[in-house]
Amino acid sequence: MKHLTSIRELSKASAIALLDNAQQLSQVNDRDVKKLPALRGKTVVNLFFENSTRTRISFEIAAKRLSADVINFSAESSSVSKGETLKDTAQTLEALGADAIVIRHPLSGAPKNLAANNWISASVINAGDGSHEHPTQALLDALTMRQVIGSTTDLSGLKVLIVGDILHSRVARSNLLLLNLLGAEVEIAGPNSLIPEGIEELGATISNSFENSLAKKPNAVMMLRVQKERMQGEYFTSHQEYSRHWALDSERLSMLGADSMILHPGPMNRGFEISSEAADDPRSKVLQQVSNGVAVRMAVLYGCLSGGQS
Amino acid sequence: MSQRVVLDGADIDRALKRISHEILEANEGPKDIVLLGIPTRGKHLAKRIAKILESIDPAFENQVGVLDITMYRDDATSTERVIRTTEIPNGGINDKVVVLVDDVLYSGRTVRAALDAITDYGRPRQVKLAVLVDRGHRELPIRADFVGKNLPTAKTERVKVQLSEADPIDQVVIFQ
């Protein structure tokens with residue numbers, strides 16, 4: 001694995017192997033010495049054209065746990081605001097010694113562009129591009145689901161319900177691809193205006209009622225963050241209206257099975273798409289997701305930076 | 001491909017029994033002994049030695065674990081490898097006598113990586129090395145304390161330890 005720009009680059013076997021490595025690497029978190037020497041001498045650059053403290057910190061910790069050197073490059077404070085192209089930025093970073101570039105970009109396809117054009121020989125890892133994909137988020141969600149159900153292989157037969165703004169969600173898109181690859185059954189639910197046309201072709205049934213979906217007893221409910229910065233009023237009439245139909249409130253929480261799990265990619269809007277009661281419920285695996293994020297990113301960095309120059 | 005059996009099942013049993021006695025003799029008893037097997041064959045050998053130690057001296061506390069060295073290799077990024085579990089016994093390794101167990105001692109690079117890994121888990125009083133086969137050709141200043149069989153080999157030959165836990169039968173074979 002040279003790059004990871006999309007879940008589509010993974011086969012079922014390679015996805016499971018990646019999750020297996022991540023599972024082993026998650027042990028490092030429990031040690032006194034939380035460091036492995038595997039990537040000593042390698043340089044990882046976090047190239048972020050969008051603000052994301054959590055994802056950046058997660059990648060930074062992952063790289064440091066593997067003994068790589070980490071440079072954080074945030075676009076707002078750089079020459080990008082002076083008009084430098086992505087190609088020039090990436091080539092400059094490589095000339096400075098970057099072995100891997102972790103990129104977050106507002107434009108869908110930017111990481112793929114960087115990886116496919118032979119501008120650079122460094123590895124490219126997608127940390128979220130536009131409303132396209134966020135592959136490491138899907139992998140950490142899958143790892144969390146595997147741990148909760150006690151699987152060491154795939155997720156066959158697992159019923160997963162994804163709720164909220166599917167239209168703008170790269171998390172939902174990567175999850176749809178990976179969950180289907182691993183054999184899960186996915187249903188998506190949300191307001192009609194936020195369900196993109198043709199999304200069922202990625203492998204999902206569509207529901208227009210949260211209650212009806214909960215009645216089917218999903219094993220996992222993934223609540224998507226309402227990205228207030230993307231909502232300019234035309235997608236739903238009001239926040240109250242959205243919450244009334246699509247929030248995981250106490251009433252809907254009571255419909256959830258005793259061994260179901262609640263997932264959320266964070267940061268949570270408490271009281272908007274998820275109630276505090278649901279967020280703090282023992283079935284909520286949000287913090288486990290965060291820890292798994294570090295392990296998954298370690299596995300991805302190790303996978304991309306090992307294997308010679310192929 | 002011609003292959004030659006150099007140790008059969010009974011030979012392996014005898015070698016492990018002798019190693020077990022030697023470990024107890026060198027340590028003047030089972031006190032503080034922790035066995036750490038290196039995956040995958042070393043893990044099985046460590047468990048077998050633990051069983052023998054227990055039968056010889058019930059005071060052995062069955063402190064046996066697994067030490068994966070994948071992320072400590074000096075060529076960690078040459079190919080992508082499967083990372084395996086590390087299990088440190090519940091007593092930890094601080095101030096213990098750790099006996100590393102591996103199937104074949106060759107260049108010594110695996111053992112060097114294991115010594116690094118051990119440092120990250122604690123500070124043993126002593127670290128010793130037990131191997132079923134020492135085939136020579138060391139690339140580092142490392143030697144084994146307990147050896148099942150010294151096996152002179154050519155660098156072009158390969159040595160494979162097969163154990164019933166993972167293979168059809170117990171045997172050590174050498175082939176070109």
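In the block above lies the structure referred to throughout.
Conventions and cut-offs
- Residues numbered from 1 in each chain as written.
- Chains lettered and ligands numbered in written order.
- Predicted model: local features only at pLDDT ≥ 70, side-chain atom pairs only at ≥ 80, totals over all residues.
- Heavy atoms only, no water.
- Helix = DSSP H or I, 4+ residues; strand = E, 2+ residues; numbered from the N terminus.
- Buried < 20%, exposed > 50% of the residue type's maximum accessible area, 1.4 Å probe, protein only.
- Contact = heavy atoms within 4.5 Å.
- Areas by Shrake-Rupley, 256 points an atom, 1.4 Å probe, with all protein chains shown as cover.
- Lys, Arg positive; Asp, Glu negative; His and termini not counted.
- Charge placed at Lys NZ, Arg CZ, Asp CG, Glu CD.
- Expected span 1.5 Å × (residues − 1).
- Core = buried A, V, L, I, M, F, W, Y, C linked by side-chain atoms within 4.5 Å.
- Domains from an automatic or database assignment.
- Pairing = 2+ DSSP bridges.
- Axes fitted to C-alpha atoms, helices over the stretch in contact; angles between N-to-C directions.
- Buried area = accessible area lost by both parts, 1.4 Å probe.
- Salt bridge = Lys/Arg side-chain N within 4 Å of Asp/Glu carboxyl O.
- Polar contact = N/O pair within 3.5 Å; in protein donor to acceptor, adjacent residues only side chain to side chain.
- Nonpolar A, V, L, I, M, F, W, Y, C, P; charged D, E, K, R; others polar.
- Parallel < 35°, antiparallel > 145°, perpendicular 65-115°, else oblique.
- Left-handed = near helix turned anticlockwise from the far one by under 90°.
- 1 Å grid on protein atoms, 1.4 Å probe; cavity = no way out; pocket = protein on both sides within 12 Å on 5 of 7 lines; lining within 4 Å.
- Points joined across faces, edges and corners; volume = space filled by probe spheres on them.

Time to look at the overall build of chain B. The helix and strand inventory of chain B stands at three helices and eight strands. Taken from the N to the C terminus, the helices and strands of chain B come in the order β-α-β-α-β-β-α-β-β-β-β. The burial tally for chain B puts 51% of its 176 residues in the buried class. Within chain B, counting contacts between residues at least 6 apart in sequence, those at least 24 apart form 69% of the total. Total accessible area on chain B is roughly 8500 Å²; 46% of this is exposed by carbon and sulfur atoms. Of the side-chain charges in chain B, 26 are positive and 27 negative, and the distance between the mean point of each set is 3 Å.

Let us now look at helix α2 (residues 41-56) of chain B. All names here are of chain B. With 16 residues, α2 extends 23 Å from end C-alpha to end C-alpha; this agrees with the ideal 22 Å at 1.5 Å per step. The complete set of buried residues in α2 reads Arg-41, Gly-42, His-44, Leu-45, Ala-46, Arg-48, Ile-49, Ala-50, Ile-52 and Leu-53. Check the buried side of α2 and you find it contacts α1 (9-27), β2 (33-37), β3 (64-66), β4 (97-105), β5 (126-134) and β7 (158-162).

Ranked by size, the top nonpolar core spans 86 residues in total, and within it Leu-139, Met-145, Ile-162 and Leu-301 of chain A together with Leu-100 of chain B carry the most contacts. Considering every element that reaches this core, the biggest residue donor is helix α11 (residues 286-305) of chain A, with nine residues. Shared between two domains, this core holds at least three residues of each, these being domain 1 (7-133 + 293-305) and domain 2 (135-289) of chain A. Residues in contact with Ile-162 of chain A, not counting those within four places in the same chain, are Ala-172, Asn-175, Leu-179, Val-186, Glu-187, Ile-188, Ala-189, Met-222 and Leu-224 of chain A. Within the second largest apolar cluster, 30 residues are counted, among which are Ile-23, Ile-33, Val-104 and Leu-151 of chain B.

Let's shift gears to the sheet that holds strand β6 (residues 146-150) of chain B. All names here are of chain B. With parallel pairing, the five strands of this open sheet are ordered in space as β3-β2-β4-β5-β6. At either margin of the open sheet sits one strand with a lone partner, and together these are β3 and β6. Adjacent strand axes in the sheet meet at a mean angle of 25 degrees, parallel and antiparallel pairs treated alike. Taken together, the three bridges between β2 and β3 define a ladder with parallel strand orientation. By the bridge assignment, Leu-35 is partnered in β3 with Val-64. Across the face of the sheet, α1 comes into contact with β2, β4, β5 and β6 while running at roughly 150 degrees to β6.

So, about the interface of chain B and chain A. With 16 residues of chain B at the contact, the number on the chain A side is 20 residues. With both sides pooled, the region where chain B packs onto chain A buries about 1600 Å², and carbon together with sulfur makes up 53% of that total. The largest per-residue losses of area from chain B upon contact with chain A belong to Met-71, Thr-77 and Glu-80 of chain B, which jointly make up 41% of the total buried on that side. Our count for the contact surface shared by chain B and chain A stands at one salt bridge. The closest approach of N and O atoms between Asp-120 of chain B and Arg-31 of chain A, which form a salt bridge, is 3.5 Å. Linking chain B to chain A there are eight residue pairs in polar contact (both at pLDDT 80 or more). In terms of residue class, the side of chain B that touches chain A is made up of six nonpolar, six polar and four charged.

Residues and elements named next belong to chain A. Remark: helix α5 (residues 135-149) packs on helix α6 (residues 170-181), axes separated minimally by 8 Å, with the N-to-C direction vectors making an angle of 55 degrees. Relative to α6, the element α5 lies oblique. Between α5 and α6 the crossing geometry is right-handed. Across from Pro-135, Gln-137, Ala-138, Leu-139, Asp-141, Ala-142 and Met-145 in α5, the residues of α6 making contact are Val-171, Ser-174, Asn-175, Leu-178 and Leu-179.

On to the environment of Val-221 of chain A, then. Residues and elements named next belong to chain A. By the secondary structure assignment, Val-221 is in strand β8 (residues 220-223). It is 15 Å that separates the C-alpha atoms of Val-221 and Asn-208, two residues lying 13 residues apart in sequence. Here Val-221 is in contact with Leu-161, Val-163, Phe-210, Leu-214, Leu-256, Met-261, Ile-262 and Leu-263, once residues within four sequence places are set aside.

A separate point is empty space enclosed by the protein. Applying the stated criterion across every chain yields a total of one cavity of 30 Å³ or more. Considering only enclosed or pocket space, the largest cavity measures out at about 120 Å³ in volume. Along its surface, the largest cavity is lined by 13 residues, and Arg-31 and Leu-36 of chain A together with Ile-83, Thr-86 and Tyr-121 of chain B are the ones closest to its centre. Residue composition of the lining of the largest cavity, by class: seven nonpolar, three polar and three charged.

The analysis is restricted to geometry; functional conclusions fall outside its scope.
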